[in-house]
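Close look at the chain arrangement
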Amino acid sequence: MILYHGSYTEVANPDIIHSRTNVDFGRGFYTTPLLEQAQKWCKKFKDKGESAVVSVYALDENALNECKVKRFDSYSEEWLEFVLKCRRNEDDTDYEIVMGGVANDKVFNTVELFYDGLIDMTEAIKRLRYEKPNFQIVFRSQDVIDQYLKYERSEPA
C-alpha cells in the first residue's frame, strides 16, 4: 500500500518524536493513502509562503495483521470518544497503528460543540454521518515505522 505524508520538508526518516500530542489519534506519524489529502495538508505551508513536500512510503501490509491495529470505518460514537481522549492526552491504549477519519474543520466544529456540551452524542454522530471522512493511518510505534514503512521518494506539493 502506498501512503503519503504532507509537510514543509521531506521526511525520509519518519519518527514519532516530532509528533504533537493532543491530536486526532495521539502522538504518532500521520499518513494517508489519499494523495489529494496529503496535498491539502501541505496547503497550510504554501499559504504561509513556505515550501510544501509530499513524502511517499510503501507500507508492508503484513503490519496490518502483525501489529495491534485499531480501525474506524466511519465516524461513530467510538471514534468520537477515542478522538476526544487523544486530544485530551488521556488515551491509554496500546494501539501501534490507528486508521480512520480525520477531524477536519467541519468535523472538528462538531467535536467542539459536543466537547463544550452544546450538543449531545446522538446529535454529534448524526451530524458526522453526513461528512465524507478523509482517511489517515497513524503509526504510534517507532518499531512499527522502522519495520514496516519504507520511504520511497518526495515530490513538491
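Shown above is the structure to which this text applies.
Residues numbered from 1 in each chain as written. Predicted model: local features only at pLDDT ≥ 70, side-chain atom pairs only at ≥ 80, totals over all residues. Heavy atoms only, no water.

Attention shifts here to the sheet that holds strand S5 (residues 97–100). The strand order S2-S6-S5-S4 describes an open sheet built from four strands, whose pairing is mixed. Every interior strand has two partners, whereas the edge strands, strand S2 (29–31) and strand S4 (69–71), have only one. Taken pair by pair, the neighbouring strands of this sheet meet at an average axis angle of 15°, ignoring direction. In this structure, S4 lies alongside S5, joined through three bridges in parallel fashion. Opposite Val69, over in S5, you have Ile97 as the bridge partner. (Pairing = 2+ DSSP bridges. Helix = DSSP H or I, 4+ residues; strand = E, 2+ residues; numbered from the N terminus. Axes fitted to C-alpha atoms, helices over the stretch in contact; angles between N-to-C directions.)

With that settled, consider the packing of aromatic side chains. Per the stated rule, a full pass over the model turns up eight aromatic pairs. With a centroid separation of 5.9 Å and an interplanar angle of 55°, the aromatic rings of Phe25 and Phe82 are classed as tilted. Remark: Phe82 occurs in helix H3 (residues 77–87) and Phe25 occurs in the loop between strand S1 (2–7) and S2; sequence separation between them is 57 residues. Each of the two residues, Phe25 as well as Phe82, counts as buried. An aromatic cluster of three or more residues is present, and its members are Phe25, Phe72, Phe82 and Tyr95. The side chain of Lys70 reaches across the aromatic face of Phe72, ending 5.2 Å from its centre. (Phe/Tyr/Trp six-rings, centres within 6.5 Å; stacked < 30°, edge-to-face > 60°. Buried < 20%, exposed > 50% of the residue type's maximum accessible area, 1.4 Å probe, protein only. Lys NZ or Arg CZ within 6 Å of the ring centre and 35° of its normal.)

A word on the pairing of strand S6 (residues 136–139). For a regular strand, side chains alternate in direction, first toward one face of the sheet and then toward the other. Side chains of S6 alternate between two faces, with Gln136 and Val138 and Ile137 and Phe139 buried alike. Here S2 pairs with S6 via three bridges, running antiparallel. Residue pairing for S6: Thr31 is matched across the bridge by Ile137. Pairing of S5 with S6, which is carried by four bridges, proceeds in the antiparallel orientation. Across the sheet, Ile97 pairs through a bridge with Phe139, a residue of S6.

That's the geometry; what it means functionally is another story.
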